[in-house]
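# Summary of the model geometry
For reference, the chains in residue letters:
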Amino acid sequence: MVPHLITALTGPINELEQRILDSMPAIERWFRLEWMEHTPPFYCAVDIRNAGFKLAPVDTNLFPGSWNNLTPQMLPLAVQSAMAAIEKICPEAKNLLLIAENDTRSTFYLANLAQLQRIFHMAGLNVRIGSISPDVKESTVINLPNGEQVTLEPVVRSKRRLGLKDFDPCTILLNNDLSAGPPGILEDLHEQYLLPPLHAGGSVRRKSTHFRSYEELAKRLGKLLGIDPWLINPMFNQCGAVDMAEGHGMDCLTTNVDALLGKIRRKYKEYGIHEKPFVIVKSDFGAPGMGILTVRDVKDLAVLHHRAKTRKDDLPVRDTIIQEGVLTNERINDAVAEPVVYMMDRYVVGGFYRIHAERGVDEYLNAPGSSYVPLAFAESAHLPQVGVRPGASAPNRFYMYGVVARLAMAAASYELEATDPDAETYD
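Being a predicted model, the structure only gives us computed values, none of them experimental.

Glancing now at the pattern of salt bridges. All told, the structure shown has 17 salt bridges when counted by the stated rule. As a salt-bridge pair, Lys54 and Glu324 come within 3.0 Å of each other at their nearest N and O atoms. Of this pair, Lys54 sits in the loop between strand E2 (43-50) and strand E3 (55-61) while Glu324 is found in strand E15 (residues 318-324), placing the two residues 270 residues apart along the sequence. The pair Lys54 / Glu324 is uniform in exposure class, with both members buried. Close ionic contact of Arg128 with Glu153 constitutes a salt bridge, the shortest N to O distance being 2.8 Å. Here Arg128, found in strand E5 (residues 126-131), pairs with Glu153, found in strand E7 (residues 149-154); they are 25 residues apart in sequence, far enough to count as distant. Given a relative accessible area of 12%, Glu153 falls into the buried group. Because the salt bridges share partners, they merge into one network encompassing Asp47, Arg49, Glu338 and Arg354.

Written out as structure tokens, the structure reads:
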């Protein structure tokens, strides 16, 4: 069932749920037309926050791990989606090379690789797992706690192709976010499909580019639904490089935090919301990183600057995005929770709740100490229960999550098109 929600059943999120259910045919047609014009990312995961008065994505990951959190009931849809994705890209594909993160010490991450290997094997592909880490010099079999095994193999680069010893793949799937930069071994491949593309990597991608695309799509979908797009869109500002310890860029940060907090206060007043606004300050680069700050008052920045200066806190000096903070009023056994929706090709395939017993409703949950509870997608996010009152049906709530997640996926497709270095330009 729907997890415990603090918000009343008559709250705005239930009005939004009803509006989305009533508009389901129009929404599905809208997405269908989008995918006729734009190519969805091969796979992605979207972190969503349900504040009770708004439902919005706060992060879109184009190199999702944690596929091991998908339950067996979710696998058939994941396999079908994998088949659809591969057929579009390389219909005659036999071999798929899965590129792992360089750091594979986590058995949790390795279980994620095993799940991905299972999905694509069931989709009809020979799947092997390669590593571009210089530390992996020979084939290594790793035993997992659940009895499974993962075999990591060093990649082999020929003049124009990438593979493994005695393994020449048509498609190379990155499960490595390339946050250290795109390595030369992945560049200039000939007649091989590299997914996601190199310009989706964490050292290149900008969250502000993604959320700018999302904002435009939220306006269009909001118009279709007849709602204020703010209900599904986190507002944001951005700054150049900010160095908390040295104070560089603090004027820009202070001005933009103050302006965004003011815009949120006005929205809260408009909707009669009595919560305290907050913003999240984080790196604008696509890779998740250190130094994610929750700021509730512009005066907090002076305190943070003083602390960083005196403690020499290791905060990254990077371009910064200031994002509207979205509360989460969802709970699993009294622990704060947020839904994470997993997609492949243009389909929602499943997801889970990320929970953190030691974090507050206005804090970042993707941190050490988090754990995961599967979303009840067994009944499928594509089969909502029409006529059931809002807030009472898990499939209806998850359908709403899926609409917002697919909107973020569409924004990612726009983002990747806009940043493609090989795209044709027309004068």
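Further notes follow.
Another point: the state of the cysteines. Counted by the stated rule, this structure contains 2 disulfides. Cys90 shares a disulfide with Cys170; S-S distance 1.9 Å. Linking Cys90 and Cys170, the disulfide has an S-S dihedral of approximately 140° and is accordingly described as right-handed. Of this pair, Cys90 sits in the loop between helix H3 (75-89) and strand E4 (95-99) while Cys170 is found in the loop between strand E9 (162-163) and strand E10 (171-174), placing the two residues 80 residues apart along the sequence.

Their axes nearest at 10 Å, the elements helix H2 (residues 24-37) and helix H5 (residues 207-225) cross at an angle of 145°. In the crossing of H2 with H5, the sense of the turn from one axis to the other is right-handed. Where H2 approaches H5, its residues Ala26, Ile27, Trp30 and Glu34 are matched on the opposing element by Leu217, Arg220, Leu221, Leu224 and Leu225. Grouping the constituent residues of the contact of H2 with H5 by class yields 7 nonpolar, no polar and 2 charged.

The antiparallel open sheet is built from 4 strands, whose spatial order is E12-E15-E13-E14. Two strands lie at the open edges of the sheet, namely strand E12 (236-242) and strand E14 (293-295), each paired on one side alone. Across this sheet, the average inter-strand angle for adjacent strands is 25°, counted without regard to direction. With 6 bridges connecting them, E12 and E15 associate as antiparallel partners. Bridge pairing links Ala241 to Asp319 in E15. The strands touched by H5 within the sheet are E12, strand E13 (279-283) and E15, with E12 carrying the most contacts at an inclination of about 165°. Seen against the sheet, helix H6 (residues 250-271) touches E12, E13, E14 and E15 and runs at an angle of roughly 170° to E12.

What follows covers the sheet that holds E7. Strand order in the open sheet made by the 6 strands is E6-E7-E5-E4-E10-E11, with mixed pairing throughout. Bordering the open sheet on either side are strand E6 (140-143) and strand E11 (193-195), each of which pairs with just one other strand. For this sheet, the mean angle separating the axes of adjacent strands, direction not counted, is 30°. Across the sheet, helix H4 (residues 107-122) is in contact with E4, E5, E6, E7 and E10; its angle to E5 comes to roughly 150°.

What follows deals with the packing of H3 against H4. Interaxial distance between H3 and H4 falls to 8 Å at its minimum, and their mutual angle equals 65°. Considering the angle they form, H3 stands roughly perpendicular to H4. Seen from above, H3 lies across H4 with right-handed handedness. Residue-level inspection shows Leu75, Ala78, Val79, Ala82, Met83 and Ile86 of H3 in contact with H4, the latter providing Gln115, Arg118, Ile119, Phe120 and Met122. Taken together, the residues of the contact of H3 with H4 break down into 9 nonpolar, 1 polar and 1 charged.

What the rule picks out here adds up to 15 aromatic pairs. Measuring from ring centre to ring centre gives 5.3 Å for Trp30 and Phe31, while their planes differ by 80°; the resulting arrangement is edge-to-face. Phe31 sits in the buried class, given a relative accessible area of 2%. Ring centres of Phe108 and Tyr372 lie 5.6 Å apart, and the angle between their planes is 25°; this geometry places the pair in the stacked category.

A negative phi angle characterises most non-glycine residues, just as the trans form characterises most peptide bonds. Cis geometry is adopted by the peptide bond preceding Pro196, which originates at Leu195 and carries an omega value of -15°. Among the secondary structure elements, Pro196 is positioned in the loop between E11 and H5. Of note in the backbone geometry, Asp166 takes a positive phi value of approximately 60° without being a glycine. Looking at the element boundaries, Asp166 is found in the loop between E9 and E10. In this structure Asp166 comes out as exposed when scored by relative accessible area, which is 73%. We note that Asp345 has phi near 55°; this positive angle belongs to a residue other than glycine.

Take Gln238: it is sitting in strand E12. Spatially, the C-alpha atom of Gln238 lies 9.3 Å from that of Val257, the residues being 19 residues apart in sequence. Discounting chain neighbours no more than four positions away, the residues touching Gln238 are Ser208, Arg212, Cys252, Asn256, Asp284, Thr320, Ile321 and Ile322. A polar side-chain atom of Gln238 sits 3.3 Å from a polar atom in the side chain of Ser208.

Before going further, it helps to spend a moment on H5. With 19 residues, H5 extends 26 Å from end C-alpha to end C-alpha; this agrees with the ideal 27 Å at 1.5 Å per step. Among the residues making up H5, those that are buried are Lys207, Ser208, His210, Phe211, Ser213, Tyr214, Leu217, Ala218, Leu221, Gly222 and Leu225. Positioned one or two residues after H5, Gly226 has a phi angle of 75°, which is positive.

What counts and how
- Residues numbered from 1 in each chain as written.
- Predicted model: local features only at pLDDT ≥ 70, side-chain atom pairs only at ≥ 80, totals over all residues.
- Heavy atoms only, no water.
- Salt bridge = Lys/Arg side-chain N within 4 Å of Asp/Glu carboxyl O.
- Helix = DSSP H or I, 4+ residues; strand = E, 2+ residues; numbered from the N terminus.
- Buried < 20%, exposed > 50% of the residue type's maximum accessible area, 1.4 Å probe, protein only.
- Disulfide = S-S within 2.5 Å.
- Axes fitted to C-alpha atoms, helices over the stretch in contact; angles between N-to-C directions.
- Left-handed = near helix turned anticlockwise from the far one by under 90°.
- Contact = heavy atoms within 4.5 Å.
- Nonpolar A, V, L, I, M, F, W, Y, C, P; charged D, E, K, R; others polar.
- Pairing = 2+ DSSP bridges.
- Parallel < 35°, antiparallel > 145°, perpendicular 65-115°, else oblique.
- Phe/Tyr/Trp six-rings, centres within 6.5 Å; stacked < 30°, edge-to-face > 60°.
- Polar contact = N/O pair within 3.5 Å; in protein donor to acceptor, adjacent residues only side chain to side chain.
- Expected span 1.5 Å × (residues − 1).

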